[in-house]
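# Observations on chain architecture
Here is how the chains run, residue by residue.
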Amino acid sequence: MQPKREEDTLLATRAGVKLVSRRNLTLALVWFLGTFASLFVFWVLKVRPYYVESAFAELVNTTHMYHPPLVNLFFGPVNRYSVSYAEWTSLSRDLIRPVVALDYYFWSLLFGADFSAYLMGSYLCMAGLCGITFYIAVELLEFPFALSNMLAALVFLSPANGEQERFSVTFAPDPLAAFWILAASMFFLRRNYLLAWLFLAAAVGTKETAWPFSIGMAILFFCFADRSRLRRFAGGLAYLLPLAAMLCLRVQAFGLQGVVKSDRAASTIHSSSVLAVHSGNTLSHATTALSLSSLMAISGRLLSWPFGVMLDSFQYEPRLLRIFYRVAIMFNITFWLAVVITGLLFIICSHGSLHLQTLRMSIRRIRLSGDRCYANRFSILGLALSGLAFLLRFASPPRYAAGTYPLLFLCAALVITFSTIRWQRVLAWIFLAGVGSNGLALWASDMTHGTYVYRSMGQLEQSFLSKIKSNPGGPIFLVDDVAGGENNTESFRRAFGLGVEVIRVNDLATSCFQMPASGPPPVKLAVQAVRKSLNEFVVHSVIEGCGGHQFFEVPGLPEGTIQRRSEGYRFTYTLNPRANAQPTAGPSRQMTVKIEGPVTNAVVLMPDFVHHLYVSIPIE
């Protein structure tokens, strides 16, 4: 009778486990549906009524309405265009992102030119992140039910979903890559390595933020998979294949330099700090300057994460960003000090010669323990470190951490649940509370101030596109542009016809995108155009109240006379102050530009921040 009773107990236990697993899966689905419903209501009330899409540089190459060659979705850049000031910079935004191209193409088949509806893809990914995070927490890591729900809520409030993510279709790569990353992590923890590989391949093909996860999963598989050494080695190589394939695609498109960057061949402009180094008289001065620059760069990266720092955004009020900037800096300093102290204590308390041996024994013990939950805790830590490596390397803004924030939240929950050291648990709670408060504040701002900003920008962009469509002929010169974004003449021609010729003269700094809901805008802009001859006219611009004139994606201006040639026209600039980007405080900024070429029927457009329109400037 005893064996029969034990068998019944075992069957009952298994049935109970299945029931709990089914409940956890159902609640994860509830989180997904509830989050998506909330985002859908936000879209209906706050986004759709005012949405205008002007980022044709991406859409004309990836949506079926513009008939892109299908082979380019896989072997060509998502943004097949030259930057607006290609004469000055090699910083091109041409990126090989086949999954993004397929994503845009898919939504274009469903919704055509109704670009606002494409946001459903981003919202589905954001909702999926919440559901997957809850499932990993409660099912695979066996966290308490209340803590798992709190983690899902924090993912919903994540600062990575702020900024343009909820408002703009062209920021879809961030939540899309995050969804693939977290789905791959979930199946990896469930030991379903084939599905994990497929989702990882999709993530790597979506955005560069997923690349470190290919390396991270390869290492974790080799260390923790319950396989023979040969099979673990082969499996690790398999997880590196998606990254290797992406690098090959980049080499095919950009040459060998595509392995490390996506620049097109063009003259390189050095920033003022680099120019100062090259103008030094001695090698020691240059070495000292470079050392200080490197030290400051490393410090800046460490101060940016793991909390995540949003330095500036026209979408949010500067005061709000300053508050959480200070909070983030204080936490990040504390965090890295704690990491250093913990490492020093480990070294002091252990014998140096035994470190490697102890590490090997620990990995072997985890692999052979048979306790999946125990091994999953180390895997989550390794995956979070993989994502954090990219963020630290590039001092990335929070939106790049859409896939890393959930893993960081899970790591904090690990500390809260299993650590016996009080200060570690306190630091983890501070992290969750701080990031959650930041995300909640950004959400609240998006519901009010952010919505107004995007409605105003939508009015500007609608007016901008209307002016281009209604132009009877002749070149259109954009002065102090805020709506053109990454577009250039080629993308506008593909969108509106071969007769369209749009040339950007200059842009305005992001700090100029200030359109308060009440009262006059703080930015005052005056533009005048004077014809000198049939083939020459001069534009003079004066702006107050913001950072002033700049050139999109150009990190530093060349020394001497500022000149460029574009679309058969020659531009000669005089800027006061000379810097790019210019400071945000001080006297008015002035720009005079002489434009030479066939300008007989030229039209000059500039933004009107008072009425949220683009207006034509008569050439006197």
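Before any of the text, the structure's been laid out above.
One structure accompanies this document, and this report is about it. Residue positions are counted from 1 within each chain, in the order its sequence is given. Only residues with pLDDT of at least 70 get local features here, since the model is predicted, and only at 80 or more are side-chain atom pairs given and counted; chain-wide, interface and lining totals rely on the full set of residues. The side-chain values count all of the structure's non-hydrogen atoms but skip hydrogen atoms and water molecules.

## What to know about the sheet that holds strand E5 (residues 536–544)
Note the following rule: One bridge is not enough; two strands pair if DSSP finds at least two bridges between them. Under the DSSP-based scheme used, a helix requires at least four consecutive residues in state H or I and a strand at least two consecutive residues in state E, with every element numbered from the N terminus. For helices, the axis comes from a line fit to the C-alpha atoms of the stretch in contact; other axes are also lines fit to C-alpha atoms, and the angle between any two N-to-C directions lies between 0 and 180 degrees.
Taken in spatial order, the five strands make up an open sheet running E4-E5-E9-E8-E7, and their pairing is antiparallel. Each having just a single partner strand, strand E4 (524–533) and strand E7 (562–566) make up the two edges of the open sheet. Strand after strand, the sheet turns through a mean of 20° between neighbouring axes, direction not considered. In terms of strand pairing, E7 meets strand E8 (residues 569–576) through five bridges, oriented antiparallel. Its bridge partner being in E8, Arg564 is matched across the sheet by Phe571.

## Section: helix H7 (residues 173–189)
The cut-off we apply is this: A helix is expected to reach a length of 1.5 Å times the quantity of its residues less one. Any residue under 20% of the maximum accessible area for its type is buried, any over 50% is exposed, and the rest in between are partly exposed; the area is computed with a 1.4 Å probe on protein chains only.
An ideal rise of 1.5 Å per residue puts 24 Å on 17 residues; H7 measures up with 24 Å between its terminal C-alpha atoms. The element H7 is largely enclosed, with a buried count of 16 among its 17 residues. Positioned one or two residues after H7, Arg191 has a phi angle of 70°, which is positive.

## Here we look at the state of the cysteines
For clarity, the threshold we go by: Here, a disulfide means two cysteine sulfur atoms that sit within 2.5 Å of each other.
Per the stated rule, a full pass over the model turns up one disulfide. A sulfur-sulfur separation of 2.0 Å characterises the disulfide bridge that pairs Cys512 with Cys546. Between Cys512 and Cys546, the S-S dihedral sits near 75°, and the bridge is therefore right-handed. In this pair, Cys512 sits in the loop between strand E3 (507–508) and E4 while Cys546 sits in the loop between E5 and strand E6 (549–550), placing the two residues 34 residues apart along the sequence. Accessibility assignment for this pair places Cys512 and Cys546 in one class, buried.

## Some points on the nonpolar core
Stated formally: Remark: nonpolar core denotes a set of buried residues (Ala, Val, Leu, Ile, Met, Phe, Trp, Tyr, Cys) joined through side-chain atoms within 4.5 Å. Any two residues having at least one pair of non-hydrogen atoms within 4.5 Å are treated as being in contact.
Of all hydrophobic cores here, the largest spans 85 residues; its most connected members are Ile136, Phe143, Leu151, Tyr239, Ile380, Phe409 and Leu410. Per-element tally for this core: the top contributor is H7, with 11 residues. Non-local contacts of Ile136, meaning those with residues more than four positions away in its chain, are made with Leu141, Leu182, Met186, Leu189, Ile380 and Leu410. Listed in part, the 80 residues of the second largest apolar core include Tyr51, Leu465, Leu557 and Phe571.

## Looking at a nonpolar patch on the surface
Keep this limit in mind: Each patch is built from residues that are more than 30% exposed by relative accessible area and take part in no salt bridge. Like charges join if they lie within 9 Å; nonpolar side chains (Val, Leu, Ile, Met, Phe, Trp, Tyr) join within 5 Å. The protein chains shown are the only cover counted for residues, whose accessible areas, like all others here, come from Shrake-Rupley with a 1.4 Å probe. Every case where a carboxyl oxygen of Asp or Glu lies within 4 Å of a side-chain nitrogen of Lys or Arg is listed as a salt bridge.
A cluster of nonpolar side chains, Ile215, Ile219, Phe222, Phe233, Leu237 and Leu240, forms an exposed patch at the surface whose accessible area comes to about 510 Å². For the nonpolar patch, the elements supplying multiple residues, two or more each, are helix H9 (211–224) and helix H10 (229–254). Looking at the element boundaries, Phe233 is found in helix H10. With relative accessibility at 48%, the residue Phe233 sits in the partly exposed group.

## Quick word on the sheet that holds strand E1 (residues 476–478)
Strand-to-strand pairing in sheets goes through backbone hydrogen bonds, with the strands running parallel or antiparallel. Pairing in this open sheet of four strands is mixed, and the strands run E2-E1-E10-E11 from one edge to the other. The two strands at the open ends of the sheet, each matched to only one other strand, are strand E2 (502–504) and strand E11 (613–617). Between one strand axis and the next, the sheet turns through 30° on average, direction left out of account. Relative to E2, E1 is paired through three bridges, and the arrangement is parallel. Residue Phe477 lies in a different strand from E2, and its bridge partner there is Ile503. Helix-sheet contacts for helix H17 (residues 422–470) involve E1, E2, strand E10 (603–608) and E11, and the interaxial angle to E11 is about 40°.

## Digging into the packing of helix H8 (residues 193–204) against H9
For clarity, the cut-off: Each angle receives one of four descriptions, namely roughly parallel if under 35 degrees, roughly antiparallel if over 145, roughly perpendicular if within 65 to 115, and oblique otherwise. In this scheme the crossing of two helices becomes right-handed for a clockwise turn of the near helix relative to the far one and left-handed for an anticlockwise turn of less than a right angle. Residue polarity follows a fixed list, in which Ala, Val, Leu, Ile, Met, Phe, Trp, Tyr, Cys and Pro are nonpolar, Asp, Glu, Lys and Arg are charged, and the others, Gly among them, are polar.
In the contact formed by H8 and H9, the axes pass within 9 Å of each other and the chain directions differ by 160°. Here H8 is positioned roughly antiparallel relative to H9, judged by the angle of their axes. At the point where H8 passes H9, the crossing takes the left-handed sense. Together, Tyr193, Leu200 and Val204 of H8 and Trp211, Phe213, Ser214, Met217 and Phe221 of H9 make up the contact between the two elements. Here the residues of the contact of H8 with H9 sort into seven nonpolar, one polar and no charged.

## Some points on the pattern of salt bridges
Two side chains bearing opposite charge may form a pair once their charged atoms approach each other closely. Taken as a whole and assessed by the stated rule, the structure comprises eight salt bridges. A salt bridge links Asp114 to Arg48; the nearest nitrogen and oxygen atoms lie 3.1 Å apart. With Asp114 in the loop between helix H4 (98–111) and helix H5 (119–140) and Arg48 in the loop between helix H1 (2–47) and helix H2 (56–59), this pair connects stretches of sequence that are 66 residues apart. Residue Asp114 is classed as partly exposed on the basis of its relative accessible area of 27%. Overall, the relative accessible area of 37% leaves Arg48 in the partly exposed class. For the salt bridge of Asp174 with Arg399, the shortest nitrogen-to-oxygen distance reads 2.7 Å. Here Asp174 is found in helix H7, whereas its partner Arg399 is found in the loop between helix H15 (372–394) and helix H16 (405–418), with 225 residues between them in sequence. Comparing Asp174 with Arg399 shows no difference in burial state: the two are buried.

Any functional reading would require information that these geometric values do not contain.
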